[in-house]
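One letter stands for each residue in the lines below.
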Amino acid sequence: MSSSKPTTSDSEWKYRPASHQSRPWTNQSRPTTARPQTAASTRHEGSYVIALLEGRGVSREVGIAALDKDTGKVMLVQVADCQTYVKTLHQMHLHTPCLILVPDTFLSAPDAALAPSGKRSVSTSLLIEYIGEEFPGVQVESVGRRYWNDSCGLEFILQLCVEDDERAGTILAVSNKYYTLSAACALFKYAESGMNVRFAAASLRIRYVPVDGTMMVDPDTARNLELVGNMTSKRSQHSLFGTLNHTHTAMASRLLRVNILSPITVQQSIDARLDVVQEFINTEDRFTNVRDALKTLNKMDFDKLILASSETRARLSQVLNLRSVVKNLPLLRNALAGSRSQLLVIVHDMLADERLDEIEALVSANLNDDCVPAKVIQGGVGAVNARVYAVKANCNRLLDVARETYKENVGDIYQLSRTVSEEHSLPLTLVYKESGFVFALKKADLDGELPKGFLNVTFTKGRWMFTSMELKKMNARMKDALDETMLLSDKIIQDLVAGIVALIGALYKASEAVALVDMLWSFAHASISKCHFRVDQFTGTLAIKSGRHPIMETLYHAGTLVSNDVYCDDSSSFQIIQGPNMSGKSTYLRQIGLLTVMAMCGCFVPAEYASFRIHDAILTRLSNDDDMEKNLSTFASEMTTSAMILGLATQKSLVLVDELGRGTSPREGVGISHAIAEGLLELKSFVFFATHFHEITITLSRRPTIVNLHLSVQRARQSSSNFGLTFQYKIRDGISDEISHYGLELARLADLPADVLTEGKRVAEHLAALQTRHETESESSKIALRRKALLRLRTQLTQALEHSALPDRELLAYLGRFQADIAKAFLPSYKDSLD
Ligand SMILES: Nc1ncnc2c1ncn2[C@@H]1O[C@H](COP(=O)(O)OP(=O)(O)OP(=O)(O)O)[C@@H](O)[C@H]1O
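Residues numbered from 1 in each chain as written. Predicted model: local features only at pLDDT ≥ 70, side-chain atom pairs only at ≥ 80, totals over all residues. Heavy atoms only, no water.

Here is the rule: UniProt positions are given in the numbering used here, feature names are shortened, and annotations may be inferred rather than shown by experiment.
Named according to an unreviewed UniProt entry, the protein is DNA mismatch repair protein MSH3 originating from Laccaria bicolor. Its UniProt record gives the protein the following Subunit (unreviewed entry) comment, quoted word for word: "Heterodimer consisting of MSH2-MSH3 (MutS beta). Forms a ternary complex with MutL alpha (MLH1-PMS1)." Its UniProt record gives the protein a comment under Sequence similarities (unreviewed entry), which states: "Belongs to the DNA mismatch repair MutS family."

**Considering the environment of arginine 60**
Let me state the cut-off plainly: Strands here are runs of E lasting at least two residues and helices are runs of H or I lasting at least four, both read from the DSSP assignment and numbered beginning at the N terminus. Residue contacts follow a heavy-atom distance rule, with two residues in contact if any of their heavy atoms lie within 4.5 Å.
Here arginine 60 shows up in the loop between strand E1 (48-54) and strand E2 (61-68). It is 7.9 Å that separates the C-alpha atoms of arginine 60 and glutamine 83, two residues lying 23 residues apart in sequence. For arginine 60, the contacting residues outside a window of four places in its chain are Glu54, Val79, Ala80, Asp81, Cys82, Gln83 and Tyr85.

**Section: the sheet that holds strand E11 (residues 436-442)**
For the record, the criterion: A pair of strands is treated as paired once DSSP finds two or more bridges between them. Structural elements are reduced to axes, namely lines fitted to C-alpha atoms, with helices fitted over the stretch in contact, and the angle between N-to-C directions of any two is expressed from 0 to 180 degrees.
Spatial strand order, E10-E11-E13-E12: four strands in an open sheet with antiparallel pairing. Strands at the two margins of the open sheet, each flanked by one partner only, are strand E10 (429-433) and strand E12 (455-460). The average angle at which neighbouring strand axes cross in this sheet is 35°, direction not considered. Inspection of the sheet shows E10 paired to E11 by five bridges, in the antiparallel sense. Its bridge partner being in E11, lysine 433 is matched across the sheet by glycine 436. Where helix H19 (residues 469-501) meets the sheet, its contacts fall on E10, E11, E12 and strand E13 (463-467), and the angle it forms with E11 comes to roughly 140°.

**As for the site of the ligand**
To keep it simple, the criterion reads: Whether a residue is near a molecule or strand depends on its heavy atoms: it is near if one of them lies within 4 Å of it. For this analysis, a polar contact is any N or O atom pair within 3.5 Å, provided that within protein one partner can donate a hydrogen and the other can accept it, and provided that sequence-adjacent residues contribute only side-chain to side-chain pairs. Accessible surface area values rest on a Shrake-Rupley calculation with a 1.4 Å probe, where residue burial reflects the displayed protein chains alone. Amino acids outside the nonpolar list (Ala, Val, Leu, Ile, Met, Phe, Trp, Tyr, Cys, Pro) and the charged list (Asp, Glu, Lys, Arg) are all regarded as polar, and Gly is one of them.
Neighbouring the ligand are 16 residues, the closest being Tyr556, Met582, Lys585, Ser586 and Thr587. The contact in question runs from an oxygen atom of the ligand to an N or O atom on the side chain of glutamate 659, over 2.9 Å. Relative to its unbound accessible area of 630 Å², the ligand is 77% covered by the protein chains. Among the elements that line the shell around the ligand, the one with the most residues is helix H22 (residues 585-601), at three residues. Partitioning the shell around the ligand into residue classes produces seven nonpolar, seven polar and two charged.

**Some details on the sheet that holds strand E14 (residues 537-538)**
Taken together, four strands build an open sheet; the order of strands is E14-E18-E15-E16 and the sheet is mixed. One side of each edge strand has no neighbouring strand; the edge strands of this open sheet are E14 and strand E16 (564-568). Where strand E15 (residues 542-547) lies against E16, four bridges are found, and the strand directions are antiparallel. By the bridge assignment, alanine 543 is partnered in E16 with tyrosine 567. Of the strands in this sheet, E14, E15, E16 and strand E18 (609-612) touch H22, which is tilted by about 70° from E16.

**Here's the deal with the pattern of salt bridges**
Heads up, the rule is: Here, a salt bridge means any Lys or Arg side-chain nitrogen found within 4 Å of an Asp or Glu carboxyl oxygen. Partly exposed describes any residue whose relative accessible area lies between the buried limit of under 20% and the exposed limit of over 50%, with all areas from a 1.4 Å probe on protein chains only and scaled to the type maximum.
Taken as a whole and assessed by the stated rule, the structure comprises 14 salt bridges. Where lysine 491 meets aspartate 495, a salt bridge forms, and the shortest distance between an N and an O atom there is 3.0 Å. In this pair, lysine 491 and aspartate 495 are both assigned in helix H19, four residues apart and thus about one turn of the helix distant. Ionic pairing is found between arginine 703 and glutamate 682, a salt bridge with its closest N-O pair at 3.2 Å. Of this pair, arginine 703 sits in the loop between helix H25 (695-699) and strand E22 (706-719) while glutamate 682 sits in helix H24 (residues 666-683), placing them 21 residues apart in sequence. Among the residues examined, arginine 703 registers a relative accessible area of 24% and is labelled partly exposed.

Printed below as a string of structure tokens:
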């Protein structure tokens, strides 16, 4: 590709090798700052190179520029973040990084005393510390601060951004984003000098991603709700992504992932998507025709076709794949013809772009029709021939001649093989290797030793391989002809690519259109197979009738999963959920979160009726005991997440809290849970608060928006001393009936040895008896205190009466004052002791 024009001189640019500047963020180098490990702790297989610049101001502005090195897509983001940098990390998760670039001022020089090896640089930024925790194993490299230049960044964008409908909008959106532009500058400079990639002018799809059009799902939440991958495996199908992903193309699968991690908040767009899903479900023909058309695209990744490759073989392969795509797109266009939903009409028009036909015509004019990409990818002489004959005859006279020479040379080699075979009476065959042809002979076909005169004899996989002087000479001639053919073919293909790049905008549009249709078809497929229903409306109320957990329902036999209702509005915004262990509290909370994410992606939900509120963020504190990587105490982790939630939540947020305060003593746990609940009540978010602390229902009982719910459990007497618990997993109104010692009942279910259970029961009963005695004793001491005080009062009154020389009226007044004094001195403490 032709070179872009950098605005900072190349000689100035110094790419710093990873060994000195990068920091492999290992456990030892982790900072002490408390922060929980989150979603993609182990996920670092991204393809994005992300440049990141943080402002020094109080507002913590962060500019992000991310380049997908596989597809050439560039995302620009600028966020105003908080102390935990949750928004920045969220954006980074959407564009999973394989390399992170930061200004060198973020990483100070290696501290010789701390790191005698001199290789570990020390972070001076909290954000970098968090990134290290969030993306362990992902390389963080520093780039000289002077390469973070906003005007240079804008110049790069103006030069590289593809000429399409969104170009003007992108440029307008980024023009005042100082941090993003600076990050873009560093990113493109790094691509040129560090990665040795040069992009052609107007060849990159550069987009500004507005953060306010999407719901924020912080990385902890993504992991705990199992949005993409689950606790056991990041690739597991038992995640929301796995459940909904029936896509046919790689772009659609990427779009689905981004949507699940960052659902849209524009109601019009959600409604438009729902209309499409509805149309697919209602119109069987459209559903099957679209599926068949998508199948012809055969897991194709348009975005990768668009990125020009510097390697000849890959370039040819891309062009051939591209031809197959543009040939098959009309099938999808026809499948969408006559659609009713507005979005499908738009997609249909996008696919009707004349430039796509021009691309097809260009490729067909230059390349042979029977040349298929698969041959190019496979090895052997078949692959070489596919490349040699890819370009049509008569495009270039010199190429035709070179190909004729190549053909003759190969013919000569086959003739030589036949002659040698006859001469030695051996069934020789020819095998093509990187260095040219060699003779091959099966071990079973050789009786005795190989005849003299053969060179480079080797034995692999049951075959003798060897060559001869004559064959070597012929290979050399054939190679010359082959090189010339490749050179001339490549020139034609390069010209072809340059012609295609001029029309690339249409392909970008087509890529987005196909991804969207494919994703919505996938939603329709999931809805049909799992009987999901349309979200009836988006209002201020969250109301779900008979909702099911979307991931669990793929694992459970029909009818075994218990459905549950949800109702939450401004007057009942804080819902306390109680119930014994394993009664289904966490499942209920997760179900609410998952259905909300599904609805906001424009997907139908597993419920009989559903109405949602559009949330700006979903924030969770969900217990996750399976996380063995957690390097913080449960309590520290709880408090950090709670602080984040209180800092980010607004009236429009959805907050899910599960068993807060279990990391400390029960009394403090109640106190902290109460205080955090108060904070959330002030914010007026929709809160679902599962807790074991019954006291919370009392301490918060005066708040008008509190609703108490519990998950029902039946306790049946099995014998005189033995009880059994039956979980019904059904949400019910009100506070649950106290079930004492249910922990012991559950322990019995877990087959704990009988003597352990007996001892547990004994200690529990003993503690309960102690508690009762303590309470009784404290009550009797209060009575004793009262009695003592009354006795004192009586004695003093008697003495006063005896020694008084006052007349009756004055005596009465004196007694009144005395009584008031006594009451004042005694009653407050008396009142406190009663409290
Ligand atoms: N709606 C449901 N239908 C069927 N089974 C369910 C349902 N909800 C929960 N379960 C089953 O109960 C198990 C425990 O559920 P869950 O973890 O939600 O309980 P919990 O009350 O949060 O427990 P703990 O307090 O110990 O964390 C789940 O693993 C699942 O097998």
